Amino acid sequence: MALSAQDQLKSDAAAAAVSLIQAQLDHDSVVGVGTGSTVNFFIDALADKKGHFRAAVSSSEASTERMRAHGITVLDLNDVNEIDYYIDGADESNEHLQLIKGGGAALTREKIVAAVAREFICIADDSKLVKVLGDFPLPVEVIPMARSYVARKLVALGGVPVYREGVVTDNGNHILDMQNFKIPNPIETERSINNITGVVTSGLFAMRPANVLLLGTKNGVKTQRA
């Protein structure tokens, strides 16, 4: 079945990521793999190279299942000292490769894997590139008993937190999506939200941005580096 125009751009970005890393992979290499529709294209493309690297580390149960279905070995992060590359998508990126992530509710595990990786490669279609972060609601993962308290604190920061009903993260927590919340100073905002008691983490990847952004466009994949 033919891909939609947007899915084709996602697929192109994913294929470019495989091409970028494959020459650097060896039998000791561990690849970090994120979560989402663009990453699914990456996993499917990576399957053809599974004999070229040792294993993968996953940021979600869904990605783990998809990789194992392809015969890719998936390790627990606690059994890995270093990840060569972490490949993941984004809901938004600015020109500094600071991101909003977490539309799929895997933001905490994604942030942990990104912290361990030597290089973070973000793959996306060109609709995700913005001047100022915040058109996409910023996800915040919270301990369930703290949800109302955290929501009040987020209101004080100027946003409108909306409980993502029916969603429980792989860590057993809840998600508040910050709407109507422009983020001109991402690092400062990330620190402020993370300092609220009851917050596990936010979906703002500013203190640890991507190193490389592979952006699928109708004129080919464009590469941006931080």
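Placed above this text is the structure.
Residues numbered from 1 in each chain as written. Predicted model: local features only at pLDDT ≥ 70, side-chain atom pairs only at ≥ 80, totals over all residues. Heavy atoms only, no water.

**Some points on the nonpolar core**
Counting residues in hydrophobic clusters, the biggest one holds 25 residues, and the most contacted among them are Ile21, Val31, Val33, Phe42, Ile87 and Ile123. When contributions to this core are tallied by element, the ones reaching two or more residues are α1 (5-22), β1 (30-33), α2 (37-46), β4 (83-88), β7 (117-125) and β13 (212-217). Those residues in contact with Val31, other than ones at most four positions away along the chain, are Ile21, Leu25, Phe42, Leu46, Phe53, Ala55, Ala56, Val57, Ile83, Tyr85 and Ile87. (Core = buried A, V, L, I, M, F, W, Y, C linked by side-chain atoms within 4.5 Å. Buried < 20%, exposed > 50% of the residue type's maximum accessible area, 1.4 Å probe, protein only. Helix = DSSP H or I, 4+ residues; strand = E, 2+ residues; numbered from the N terminus. Contact = heavy atoms within 4.5 Å.)

**What about unusual backbone geometry?**
Even without glycine at this site, Leu97 takes up a positive phi of about 65°. Inspection of the secondary structure puts Leu97 in the loop between β5 (92-93) and β6 (99-100). The phi dihedral of Ala105 is positive, around 70°, even though this residue is not glycine. The residue Ala105 is located in the loop between β6 and α4 (107-116) in this model. Residue classification places Ala105 among the buried residues on the basis of a relative accessible area of 10%.

**Focus on the pattern of salt bridges**
This structure, assessed with the given rule, holds 10 salt bridges. Notably, a salt bridge pairs Asp84 with Arg118, separated by 3.6 Å at the nearest N-O pair. Of the two residues, Asp84 is situated in strand β4 and Arg118 in strand β7; the sequence distance between them amounts to 34 residues. A salt bridge links Asp88 to Lys101; the nearest nitrogen and oxygen atoms lie 2.7 Å apart. With a gap of 13 residues between them, Asp88 in strand β4 and Lys101 in the loop between β6 and α4 connect regions that are remote in the sequence. With a relative accessible area of 0%, Asp88 lands in the buried category. It is possible to trace a salt-bridge network through shared partners that takes in Asp88, Lys101 and Glu110. (Salt bridge = Lys/Arg side-chain N within 4 Å of Asp/Glu carboxyl O.)

**Things to note about the sheet that holds strand β11 (residues 199-202)**
Taken in spatial order, the four strands line up as β9-β10-β8-β11 in an open sheet, and their pairing is antiparallel. In this open sheet, the two strands that pair with only one neighbour each are β9 (160-163) and β11. With strand direction ignored, the average angle separating the axes of adjacent strands in the sheet is 30°. Examined bridge by bridge, strand β8 (residues 138-142) and β11 share three bridges and lie antiparallel to one another. Directly across from Val142, in β11, lies its bridge partner Val199. Helix-sheet contacts for α4 involve β8, β10 (174-179) and β11, and the interaxial angle to β11 is about 70°. (Pairing = 2+ DSSP bridges. Axes fitted to C-alpha atoms, helices over the stretch in contact; angles between N-to-C directions.)

**Topic: the sheet that holds β1**
Two modes of strand pairing occur in sheets, parallel and antiparallel, and in both the strands are linked by backbone hydrogen bonds. Read from one edge of the open sheet, seven strands run β3-β2-β1-β4-β7-β13-β14, paired in mixed fashion. Two strands bound the open sheet, and with one partner strand each, they are β3 (74-75) and β14 (220-225). Where β1 and strand β2 (residues 55-58) come together, four bridges link them in parallel fashion. Residue pairing in the sheet places Gly32 in a bridge with Val57 of β2. Against the sheet, helix α3 (residues 61-69) contacts β1, β2 and β3, and its axis sits at roughly 160° relative to β2.

**A word on the layout of surface pockets**
Each pocket or cavity is described by its volume, and for the largest pocket that value is around 290 Å³. Lining the largest pocket we find 14 residues, and of these Ser58, Leu75, Asp76, Leu77 and Arg109 sit closest to its centre. Those elements that place two or more of their residues in the lining of the largest pocket are β2, α3, β3 and α4. Split into classes, the residues belonging to the lining of the largest pocket amount to six nonpolar, four polar and four charged. (1 Å grid on protein atoms, 1.4 Å probe; cavity = no way out; pocket = protein on both sides within 12 Å on 5 of 7 lines; lining within 4 Å. Points joined across faces, edges and corners; volume = space filled by probe spheres on them. Nonpolar A, V, L, I, M, F, W, Y, C, P; charged D, E, K, R; others polar.)

**Details of the packing of aromatic side chains**
Following the criterion strictly, the structure yields two aromatic pairs and no others. Between the aromatic rings of Tyr86 and Phe120, the centroid separation amounts to 5.1 Å while the plane-to-plane angle is 40°, which identifies the pairing as tilted. Remark: Phe120 occurs in strand β7 and Tyr86 occurs in strand β4; sequence separation between them is 34 residues. Residue Phe120 is classed as buried on the basis of its relative accessible area of 0%. Grouping aromatic residues by their ring pairs yields a cluster made of Tyr86, Phe120 and Phe205. Positioned above the aromatic ring of Phe205 is the side chain of Lys101, whose terminal nitrogen or guanidinium carbon lies 5.6 Å from the ring centre. The aromatic ring of Tyr163 is capped on one face by Arg147, whose charged end is 3.9 Å from the ring centroid. (Phe/Tyr/Trp six-rings, centres within 6.5 Å; stacked < 30°, edge-to-face > 60°. Lys NZ or Arg CZ within 6 Å of the ring centre and 35° of its normal.)

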